[in-house]
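Chain by chain, the residues:
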Amino acid sequence: MRFRVLFKVFKNLRGRQPCLQLRSLYNLGVFSALAVVIIVYILLWDQEQIKQLRVLTAGWNFTSSDVTLTYCQKRRQFSNQTNGLGDVHESTKRRQGQQCIHPELNPCDPTIVQFDYTLENISCSAAEENWVYVDNGTFRISKEAKKKYGLITCEYAPLIRAKGDFTVMLGEHIKPMLDGTPLVSDFFKVACISPSGKRYHSVHAGVAFNATLHSKYKHVVSKNRIMGYDVLMFGFDSTSRMSWLRNLPKTRDYFINTLGGLELEGYNIAGDGTVQALLPILAGNMEADLHQARRGFMGASEVDDFPWIWKQFHDSGYVTAWGEDMSHTGTFQLRLKGFKQQPTDHSMRTYFLSAEPMYSKFLPWCIGSERRQDRFFNWFRDVFHMYQMKPKFVFGFHSEYSHSDNNNLKQMDQTLLDFLTHLQSNSYLDNAILILMADHGARFSNIRTTPQGKIEERMPYFSFRFPPSFKQRFPQELEHFKTNLKRLTGPFDIHETFHHMLDLDSPPKDHTLKRGMSLFREVPKSRTCAEAGIETHWCACLNWQTVDQQETIQKLSNVVIKAINDMLSKVKSQCALLEVKAVSQVLQIEVNKDMLKFRKSLDIHGDKPDLSDSMTSEFEYFQITLETTPGGGLFEATVEHSLLSHEMKVSEKQISRINKYGDAPKCIEKTFPHLRPYCVCLK
């Protein structure tokens, strides 16, 4: 019995958090911790006590010298008694008169914590040190490699964007490429050989000196009417505000308490997925507002002529840079046709198109002896170093660690913290507006199956940090921004805020079809999701009630399955028509009655509402979660029910696939990629 218990302890310590390795047992700290666990287990013969100790150790993550707990394990003072949706009542009391109230979520809600765990820190030290690295636009051969192998000869091949977003070609080779030579391209392949015949081959990233850009961007045009600050926006895929708190606590603490960052607690997504999250921010529109760009559609074309905000910054004298990893699932390349011309002055897509096919040659998460995450962040450091005195608009979006499992973000906490401290210590943030953000919360993970996870998907992390001089130069704009922290905000507002940065003196303009407003102006308390361009399906402000009437459930499931099969009709020779296998949940959205009664504000501040309107709702909304067969797809849909005509309707954009589909739609993934969530190939 004792040995079975001890075996379970070892299994627990080495399983879910596989950080205890035999090679680390020399460390006294690990020896001590392990000894304590073993002794206590031997002494505790009461099975309930043993069970409790096993639960406690499940959260331990052993490194070489310490025991690391998750954010939530360190904050056990959080209540274990919540309803999974936070404290809406308390939030309402604090924001009296506000029409849209988001729930106050608990990042350590017990329904979420069960999926929260730590991981072993990523290390690439087992690989031989990279022979080549980049230093401030300069090609360097490491001293260690030269010491070890002698005279190393390298051949340099520039990586050049070819036609469109999907191919890369090699420029004219340079051989030999001498140590200390300036880069001739941002990205390059390199092959080196030593006198003994030892070889090195890899791909690298940097920022090459570009005389044209440096001469072009000498100053900000019409500086008197624009703010003139650098803009650095950096985001993670699929990361809710609560997930940011759980997985990036050191970064957030530094950002809030040292840098003075401000978080938009009422930020709400406007649509499904990364495209519908980033298009309103970067182009001020939803996908349906713009010309057809979806692959597989007649007349579709590239997205170059969308009204990209970086074009506006470019025209105002800014250097522009954009970097996104995971090129095979690029935001504007997976479903859309991508860019014909490179959209920004510097873009990392060329690098990732070349680097990602090489990943299998290296240790997991590594590119040679360097962590892939470090390569990504170092490129943005190089951008700031290369253009220290030039105005910059820079956007970095990282997906690899967070797309499938937010727990991987814990690996990023120290890296992002180091990046921010580097920017701060080198005074780059003295003249920069820093934005940390995400597109949406987790969409496919276990968290998404919980009530709180559903809300978290709609409330991603979004925050701003303004340089010290901003308060002196723009005190009223800053006060308005702070007022808006708990008001309903969305991606269209970010787009309008960018325009405000570029055009301070003009009266308010609308670049988002009357859906957005600058956050440097006060957002009305009366604002609704509809006014912010947020559809009912994605609005986290609404109350939900469980529906159990079987007749209603049957009607709703019929409407949804018909809508899905109508979409599949164009590929019915390749994809199976679906049937409803089971309905797991039906919720009715309860309309805010005060929102319907609101007529106007009785004072200039909007604090006292006139609730004399007799408006009633013409529609009611239901959200249904169902499983289909064949294929086992899980779908969540919002159905609109007219109280006048009794008709039920659901549109394509109101249906979400909430589990993975794998290779099921392989037969149409290239020809009709937008149908991948629904298709189960017949062959």
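Residues numbered from 1 in each chain as written. Predicted model: local features only at pLDDT ≥ 70, side-chain atom pairs only at ≥ 80, totals over all residues. Heavy atoms only, no water.

Enquirer: For the overall build of the chain, give the residues involved together with the corresponding values.
Expert: Within the chain one finds 21 helices and 25 strands. Buried positions account for 54% of the 683 residues belonging to the chain. In the chain, the share of contacts with a sequence separation of at least 24, taken over all contacts with a separation of at least 6, comes to 72%. Of the accessible surface of the chain, which amounts to about 31100 Å², a share of 53% is contributed by carbon and sulfur atoms. (Helix = DSSP H or I, 4+ residues; strand = E, 2+ residues; numbered from the N terminus. Buried < 20%, exposed > 50% of the residue type's maximum accessible area, 1.4 Å probe, protein only. Contact = heavy atoms within 4.5 Å. Areas by Shrake-Rupley, 256 points an atom, 1.4 Å probe, with all protein chains shown as cover.)

Enquirer: Break down the state of the cysteines for me, citing the residues and quoting the values.
Expert: Counting across every chain of the model gives 7 disulfides. Two residues, C72 and C108, share a disulfide whose sulfurs are 2.2 Å apart. The chirality of the disulfide connecting C72 with C108 is left-handed, given an S-S dihedral of about -90 degrees. Linking C72 in helix α4 (residues 71-74) with C108 in the loop between α5 (88-94) and α6 (110-113), this pair joins segments that are 36 residues apart in sequence. (Disulfide = S-S within 2.5 Å.)

Enquirer: A description of unusual backbone geometry should follow, citing residues and the corresponding values.
Expert: With an omega of 0 degrees, the peptide bond between K175 and P176 qualifies as cis. In this structure, P176 sits in the loop between β6 (168-170) and β7 (187-193). The omega torsion of the bond from T629 to P630 falls at 0 degrees, within 30 degrees of zero and hence cis. Structurally, P630 can be placed in the loop between β22 (619-629) and β23 (634-642). With phi around 50 degrees, M326 is a residue other than glycine that occupies positive phi space.

Enquirer: How would you explain the packing of helix α14 (residues 372-386) against helix α15 (residues 413-425) if you had to name every residue and give the values?
Expert: Relative orientation of the contacting elements α14 and α15 amounts to 15 degrees, with a least axis distance of 11 Å. Comparing their axes, α15 and α14 come out roughly parallel. Note on packing geometry: the crossing formed by α14 with α15 is right-handed. Counted together, Q373, D374, F377, F380, R381 and F384 of α14 and T415, L416, D418, F419, H422 and L423 of α15 form the full contact between these two elements. Considering only residue class, the contact of α14 with α15 consists of 6 nonpolar, 3 polar and 3 charged. (Axes fitted to C-alpha atoms, helices over the stretch in contact; angles between N-to-C directions. Parallel < 35°, antiparallel > 145°, perpendicular 65-115°, else oblique. Left-handed = near helix turned anticlockwise from the far one by under 90°. Nonpolar A, V, L, I, M, F, W, Y, C, P; charged D, E, K, R; others polar.)

Enquirer: Which residues make up the environment of I624, and what values go with them?
Expert: Within the fold, I624 resides in strand β22. When the C-alpha atoms of I624 and S557 are compared, they prove to be 7.4 Å apart, with 67 residues separating the residues in sequence. Look past the residues within four positions of I624 in its chain and what remains in contact with it is I553, L556, S557, V560, V583, Q585, V586, F635, E636, A637 and V639.

Enquirer: So what's going on with the sheet that holds strand β5 (residues 153-161)? Residues and values would help.
Expert: Overall, antiparallel pairing links the 4 strands, which are arranged β6-β5-β7-β8 in an open sheet. Each edge of the open sheet is held by one strand with a lone partner, namely β6 and β8 (199-205). Across the sheet, the axes of successive neighbouring strands diverge by a mean angle of 25 degrees, strand direction being ignored. One ladder, built from 6 bridges, connects β5 with β7; its direction is antiparallel. (Pairing = 2+ DSSP bridges.)

Enquirer: Now, about the pairing of strand β16 (residues 432-438): what can you tell me, with residues and values included?
Expert: Counting buried residues in β16 gives 7 out of 7 residues, a clear majority hidden from the surface. With 7 bridges joining them, strand β9 (residues 230-236) and β16 adopt parallel strand pairing. Opposite F236, over in β16, you have A438 as the bridge partner. Two strands pair when backbone bridges link them, and β16 and strand β17 (residues 462-465) are joined in this way by 4 bridges, in the antiparallel orientation.

Enquirer: Break down the packing of aromatic side chains for me, with residues and values.
Expert: Summed over the entire model, instances satisfying the criterion amount to 48 aromatic pairs. Between Y229 and F470, the aromatic rings sit 5.9 Å apart at their centres with planes inclined by 40 degrees, giving tilted as the arrangement. Pair noted here: Y229 is in the loop between α8 (211-216) and β9 and F470 is in helix α17 (residues 468-473), with a separation of 241 residues, a long-range link. One aromatic cluster is present, built from ring pairs that chain together F187, F234, F236, W244, Y351, F352, F376, F377, W379, F380, F419 and Y461. Over the aromatic face of F166 sits the side chain of R349, whose NZ or CZ is 5.4 Å from the ring centroid. (Phe/Tyr/Trp six-rings, centres within 6.5 Å; stacked < 30°, edge-to-face > 60°. Lys NZ or Arg CZ within 6 Å of the ring centre and 35° of its normal.)

Enquirer: Report on helix α18 (residues 475-483), specifying residues and quantitative values.
Expert: Residues of α18 that are buried: E477, L478 and F481. Summarising the axial view, the buried residues of α18 lie within an arc of 100 degrees, below the 170-degree limit, and thus occupy one face. Buried residues belonging to α18 abut β10 (262-263), β17 and α17. (Arc of directions from axis to C-beta.)

Enquirer: Run through empty space enclosed by the protein, naming residues and quoting values.
Expert: Using the criterion set out here, one finds 5 cavities of 30 Å³ or more in the structure. The calculated volume of the largest cavity comes to roughly 120 Å³. Around the largest cavity, the lining comprises 14 residues; the ones closest to its centre are D165, W322, Q333, S347 and R349. For the lining of the largest cavity, the secondary-structure elements that each account for two or more residues are β11 (319-324) and α13 (349-355). Counted by class, the lining of the largest cavity contains 4 nonpolar, 6 polar and 4 charged residues. (1 Å grid on protein atoms, 1.4 Å probe; cavity = no way out; pocket = protein on both sides within 12 Å on 5 of 7 lines; lining within 4 Å. Points joined across faces, edges and corners; volume = space filled by probe spheres on them.)

Interpretation in functional terms is not warranted from these geometric data alone.
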